[in-house]
Amino acid sequence: MMSKEEKASLLSVYRHLPQTNCGECGAPSCMVFASKLLNREATLEDCSPLMKPKYKEQMARLTEMLAPPVKEVIIGVGENAVKIGGKEVMYRHELTYHNPTAIAIDISDTMEDKKIVDRCNAVESFILVRIGERLKLNMIALRCKSKDPDRFAFVASLIEKSCKLPLILCSFDPNILKVALEKKEIADKRPLLYAATEDNWREMVNLSKHYDCPLTVFAPNNITLLKSMTRTLKATGIHDMVIDLGTYTEGKLLKENINNLVMVRRAAILRRDQDLGYPIMCIPATVWVGEKLDPVTTSYREAYVASLFIDRYSDLLVMHTMDIWSLIPVLTLRQNIYTDPRKPVSVESGLRTIGSPDEESPLLLTTNFALTYYTVINDMESSGIDCYLLVVDTEGLAVEVSVAGGQFTSANVKDLFSSVGIEEKVRHHKLIIPGLAARLKGDIEDATNWEVLVGPRDSSQIKSYLAKNWTAR
């Protein structure tokens, strides 16, 4: 029998599987399936034999063994539900981070109805495309500033009708939250309730259990109190919790805030402290509390405070700004941190058509490293160039690195020529390679019998390079 302290490993997971090698899960063997479970590329439910009653005990053992030390909590329902938490490691390079930090935008119930609808639409339609990925905002956080339960409930319904994003209902008064949750359309959306404190936790527990909603536990700057509350709430049957140690944005308090977040996450992952193994919530929007704030400076402060909290394990942020220049660095940082370090960000190799090229149009070459690819494509499209672009498979590595590492070779280019039938697209036999791949010029010419031109090192210079150097004859 496995002890609770036993860590999940390939052999320990395999030992508890049926070991039938039936292939019903799609893996060729139970050992491969065990590997997929550890990498979170498969779930226990994918194993049909494991669902049989005779494997009930093994199923329970595996569920316990594979549960991440930071619990995964789902907010909302359906295709727009947001998963937060589920972390297994302190540092991304140890495995990878799952469930990117969710970003909620706040709305006050004292705003005009039309502005509320407009803000909901702006949040829901916000999309930033970067390296081929669509970066979005995830949730709406409704703050009760009016102290009026009926107004709060009305605005919650208005938001529910205006957008499909999950909700966070924010008030320390359980009676205010209750009036909103009595509306079926709100309760059915399974919002996150914010927040249980040492004063109101009994009423909040009742709401959470009655409406089956996740609950935030708020213990400002007090880890001991936080542990006590989560242990108490768990004993009452509350399992979906989010923890909030308060958000401090200046000076020593900010430093202490960051230290507390690190201590909580280290306790959860390294010491398996289940009382602290919950997703962490931070509220950078608190920078907007005060009078006579300069909106530009405050928006900038919110961006860097949010970035600090993403770096230090925050699983959920509530922000106020909708300024694109403030959101871009936050979303970009989140994307970079949550990219799987085991898989280089790459695109499919092959032939791309830029504009309306013909048989006399230039033929250029780049690698399938996503950042390089999208930079080249954007520069070409914005320059109005009509051309063909060959994308060679370099295992997701950039030009200079793949040349040095042997992933970008003349043999790869020759194979690509054959696979895309490039000689049927253009009459000339000229290929422009990146300036950083200049050392491959002779090898590619020998392998393909094409004339190779060395292009610029920077794709932003392609237009001027073609204007000076390109002729198909």
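As shown above, the structure is provided for reference.
What comes next concerns the included structure. Given the structure is predicted, the values throughout are model-derived calculations rather than measurements. (Residues numbered from 1 in each chain as written. Predicted model: local features only at pLDDT ≥ 70, side-chain atom pairs only at ≥ 80, totals over all residues. Heavy atoms only, no water.)

### Structural notes on the pairing of strand β14 (residues 363–367)
So the rule is basically this: Relative accessibility thresholds used throughout: buried, under 20% of the residue-type maximum; exposed, over 50%; partly exposed, between the two (1.4 Å probe, protein chains only). Secondary structure counts use DSSP, requiring at least four H or I residues in a row for a helix and at least two E residues in a row for a strand, with both numbered from the N terminus. The pairing criterion is simple: DSSP has to find at least two bridges between the two strands. Look down the strands so they point away from you; if going from the first strand over the helix to the second traces a clockwise path, that crossover is right-handed.
Here β14 lies mainly inside the structure; 5 of its 5 residues are buried. Side-chain alternation along β14 places L363, L365 and T367 on one buried face and L364 and T366 on a second face that is also buried. In this structure, β14 lies alongside strand β15 (residues 387–392), joined through 5 bridges in parallel fashion. The residue of β15 that forms the bridge with L363 is Y388. Crossover connection from β14 via helix α13 (residues 370–383) to parallel β15: handedness right-handed.

### Describing helix α2 (residues 30–38)
Heads up, the condition is: As used here, the arc belongs to the directions running from the helix axis to the C-beta atoms. Contacts are assigned to residue pairs that have any heavy atoms within 4.5 Å of one another.
For α2, the full list of buried residues reads C30, F33, A34 and L37. End-on view of α2: buried residues confined to an arc of 105°, all on one side of the axis. Buried residues along α2 sit against α1 (10–16) and α3 (56–66). Looking one or two residues beyond α2, the residue adopting positive phi is R40, at roughly 60°.

### Topic: the environment of T471
As for its position among the elements, T471 is in the segment after α17 (462–469). By relative accessible area, T471 is classed as partly exposed at 41%. For the pair T471 and E395, spaced 76 residues apart in sequence, the C-alpha separation works out to 32 Å.

### A look at the pattern of salt bridges
Pairing between side chains of opposite charge can happen when the charged atoms of each approach one another. Using the following cut-off: Whenever Lys or Arg places a side-chain nitrogen within 4 Å of a carboxyl oxygen from Asp or Glu, that contact is recorded as a salt bridge.
For the structure shown, the criterion picks out 18 salt bridges. For K184, the salt bridge is made with D188, and the minimal N-O distance between the two is 2.6 Å. Overall, D188 belongs to the partly exposed group, its relative accessible area being 43%. K227 is paired through a salt bridge with D275; the nearest N and O atoms lie 3.7 Å apart. In this pair, K227 sits in helix α9 (residues 223–235) while D275 sits in the loop between α10 (251–270) and β11 (281–282), placing the two residues 48 residues apart along the sequence. Judged by relative accessible area, which is 15%, D275 ranks as buried. One network of salt bridges, with partners in common, ties together K71, R190, D212 and D240.

### Some words on the sheet that holds strand β7 (residues 167–170)
Rule in force here: A fitted line through C-alpha atoms represents every axis, and for helices the fit uses only the stretch in contact; the resulting angles, taken between N-to-C directions, go from 0 to 180 degrees.
Read across the open sheet, the 8 strands follow the order β10-β9-β8-β7-β6-β3-β12-β11; overall the sheet is parallel. Here the strands that pair on one side only, and so sit at the sheet edges, are β10 (241–244) and β11. Sheet analysis places β11 next to strand β12 (residues 316–319), joined by 2 bridges and oriented parallel. For C282, the partnering residue across the bridge sits in β12 and is L317. Contacts from helix α11 (residues 295–311) reach β11 and β12, with the element oriented near 170° to β12.

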